[in-house]
Structure formats: structure tokens, C-alpha cells
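Below, each chain spelled out in residue letters.
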Amino acid sequence: FAELLSQADAACFTAKEQGGNRVCMAGVHAGDVLDRTAAMRWAVRIREALEQRRFVLYAQTIDPLRAPAGGKPGVNQESPRRHFELLLRMRDEKSGAILGPDQFMSAAERFRLGLRIDREVVNMALGWLEENPAAAADVAVCGINLSAEALGDEGFNRFLSDRLRNSSFPASRLCLELTETSAVRDLGRAQRFINDLRALGCRFALDDFGTGFCSFNYLRSLDVEYFKIDGSFVRDLESSSLAMAVIRSITDIAHVLDKQTIAEHTENEAILASLRELGVDYAQGYGIHRPEPLAEYFLHPAVPGRIPGTSIVAPAPHNARR
């Protein structure tokens, strides 16, 4: 009975998602309904993980590629401290396995759990840095992803502002990453959010940049420091002239606007060399650093410009970031 009711419930919600005023069949071969049923199960697991504090933060280095005046490529002379992004993982309740966001974030977004996860990530990140002042002093920039819901929620804006005002970790070392599509959806709201948090010192990045834009005109309206070039272009850099042209265009326009670029999913040294030639400012990916738990990340010294090479076990999943 529970399974039948679950399928019926999923069929109702699927019909509503598809616009309403329609019939949606439940059954073992009904793909949309089965997808929603699976997503509902994930939503339950996400809520339990939030309540039981089973989310884990991983860190991944973002390395400079362009040499400052008189410096060497890959060595950040302006700031020898760490520049990294925090990535979210979930610990499975039964096996203890670490699950990547590609397994649960789509369900979280579908059932509007993004804001709860955003709050959890902010509290976890700032809490850890506050409890580890020596590690916090070694941070140049700490990137945190925010969901599309965060931009339009006044309550989250107040929460984040209050949390930063009461934190010993400087807001000026925090970089809030917003996806390009969520920012473009409502430019006015996005810029108000940026202005409010920038007043406290926060930096900003447009994440997954290049996948949703049809015009660069809106970039003048968004006051961000970084464009994070979407990994789909970076992965195709060696085989696609179009990908190379897109990366070159984004980089050139970013520099005209006095902003910097970060190439996601940098998987090997050949891609890294091409990114340097194109003038990209920073690189992030398994060819730079394999993500590791936040506490472990600070156990070894930072080595700017380090390329693990053969230490790469496997390429990163295409959507294994948050």
C-alpha cells in the first residue's frame, strides 16, 4: 500500500509540474513518475542528513595560472595563502559511504531544500574556520556555492549577513558563487543581493559561466570578481575549436571588465597549458588538486602550481561540484 500511494502521490505532483490539467499515469514503466518517486526518497534522505548532521565539506584548490609582474606562472605572489572552493558531500546513513552532490542535489532543488542546505554549508564552513584560527589565517579566498533560491530569499540574506557580522572569519576572504543562469533570471534581485553582501566585504563569482548567456550586456550590471568558465568547455578544449573560442572570448571580455577567470574541470597538463596560452587566470580540477575533507586539506602545506599528473585516479564526474 505504501508503494502504491507513493506512486499515486508522485503522479499527482508530476502532472502539476508539467502544467496541470492533465492525466499522468503511475506504474512500473512510467518514467517521469518513477523519477519523481526516486527524487522524493532522496528528499527524505536529505532532510534526515540535515537533522543528523551527516553532510561533509571537502576542499579543492584553485590555482593561479598567470604570473604577476616578475613572478612565475602557477605561483601566487600576491597571496601565498590558500584559494579553494568548498564542495558538499553526504555521508550515507547505512554504509557510511561519501556521496557526491550529483546524486542528491537535483532532488534537493526539486523539493526546494536548497536554502536549508545553503544555511548548513555556511554554518559548517564558518564554524570550522572559527574553531581553527590557525587554518583560517592561511585562507586567501574560500568559495561557497549558493543555490538559486538564496538570491530571492530575504530571510536567507538576513541570516547570512548576521552570521558574517558575528563571525571571527573575515567576510573579505569569502567568495560566494552564484550560477550564471540564476543571476540572469532576475538581474535586479541578484545585484541587490550582491550589494548587500559586498557591503560586508564578500567577493562574488559567476559559476558555470558560458552555458546560459546569449549576450554579454548583462555583465555590466553584475558586480562580481570572477567568471568560472563552465567545465563542459574546458573538458572539450583539446578537441573542439569552438570550446577554445568560447574560453578565449570569455577571458578577453573578463579582462576588459577588470575581472578574472577560473577554468573548472581542469583535468590534465595539456588542458592546463592551453588555458595558460589563452590567458585564463586560475584553474580548478583534478589536474590541480583532488578534493579532500576540509580538515585534511589543512594538514599538508599548500603548493601553488602543483600538478599531480599520474596521481590522478579518475576524472571528476561532470557534475560532482557544489
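The rules we used
Residues numbered from 1 in each chain as written. Predicted model: local features only at pLDDT ≥ 70, side-chain atom pairs only at ≥ 80, totals over all residues. Heavy atoms only, no water. Phe/Tyr/Trp six-rings, centres within 6.5 Å; stacked < 30°, edge-to-face > 60°. Helix = DSSP H or I, 4+ residues; strand = E, 2+ residues; numbered from the N terminus. Buried < 20%, exposed > 50% of the residue type's maximum accessible area, 1.4 Å probe, protein only. Lys NZ or Arg CZ within 6 Å of the ring centre and 35° of its normal. Pairing = 2+ DSSP bridges. Right-handed = clockwise from strand over helix to strand, strands pointing away. Expected span 1.5 Å × (residues − 1). Arc of directions from axis to C-beta. Contact = heavy atoms within 4.5 Å. pLDDT = per-residue confidence, 0-100.

Digging into the packing of aromatic side chains
At step 1: Summed over all chains, the structure comprises 9 aromatic pairs.
At step 2: Note on Phe 193 and Phe 204: the rings are 6.3 Å apart at their centroids and 75° apart in plane angle, and the pair reads as edge-to-face. Of this pair, Phe 193 sits in helix H9 (residues 187–198) while Phe 204 sits in strand E7 (residues 203–209), placing them 11 residues apart in sequence. In terms of burial, Phe 193 and Phe 204 fall into one category: buried.
At step 3: Joined through ring pairs, the aromatic side chains of Phe 84, Trp 128, Tyr 297 and Phe 298 make up one cluster.
At step 4: Positioned over the ring face of Trp 42 is Arg 45, at 4.2 Å from the centre of the ring.

Regarding the pairing of strand E9 (residues 260–263)
At step 1: Across 4 bridges, strand E8 (residues 226–229) lies against E9 in parallel orientation. Within the sheet, the bridge partner assigned to Tyr 226 lies in E9 and is Gln 260.
At step 2: Relative to strand E10 (residues 282–283), E9 runs parallel, the two being bridged by 2 bridges. Counterpart to Ala 263 in the pairing with E10 is Ala 283.
At step 3: A crossover links E9 with its parallel partner E10, the connecting element being helix H12 (residues 269–277), and its sense is right-handed.

What about unusual backbone geometry?
When glycine is set aside, most residues are seen to have a negative phi, and most peptide bonds are trans.
At step 1: With a phi angle near 55°, Arg 53 is a residue other than glycine that sits in the positive phi range.
At step 2: Along the polypeptide, Arg 53 turns up in the loop between helix H2 (31–52) and strand E1 (55–61).
At step 3: On the accessibility criterion, Arg 53 (58% relative accessible area) is exposed.
At step 4: Phi is positive for Asp 258, close to 60°, though the residue is something other than glycine.
At step 5: Here Asp 258 lies in the loop between helix H11 (241–256) and E9.
At step 6: Classification of Asp 258 as exposed rests on a relative accessible area of 72%.

A few points about H11
At step 1: When the terminal C-alpha atoms of H11 are compared, their 23 Å separation across 16 residues agrees well with the 22 Å that a helix rising 1.5 Å per residue should span.
At step 2: Among the residues making up H11, those that are buried are Ala 243, Val 246, Ile 247, Ile 250, Thr 251 and Ala 254. In a view along the axis of H11, the buried residues occupy a sector of 125°, so they form one face of it. Pointing more than 90 degrees away from the buried face of H11 are the exposed residues Ser 241, Leu 242 and Val 256.
At step 3: As for H11, its buried residues are in contact with E7, E8, helix H10 (231–235), E9 and H12.
At step 4: Looking one or two places after H11, you find Asp 258, whose phi comes out positive at around 60°.

Comments concerning the confidence of the model for the chain
At step 1: Of the residues in the chain, 83% reach a pLDDT of 70 or more, and the chain-wide mean stands at 84.
At step 2: Across residues 69–79, where pLDDT falls below 50, the model places 18 contacts with residues more than four positions away in sequence or in other chains.
At step 3: Every residue in residues 305–322 scores below 50 in pLDDT, and together they form 57 contacts with partners more than four places removed in sequence or on other chains.

Considerations on helix H4 (residues 114–131)
At step 1: The end-to-end C-alpha distance of H4, which contains 18 residues, comes to 26 Å, matching closely the 26 Å that a straight helix rising 1.5 Å per residue would cover.
At step 2: Of all 18 residues making up H4, 13 are buried, and the element is well covered by its neighbours.

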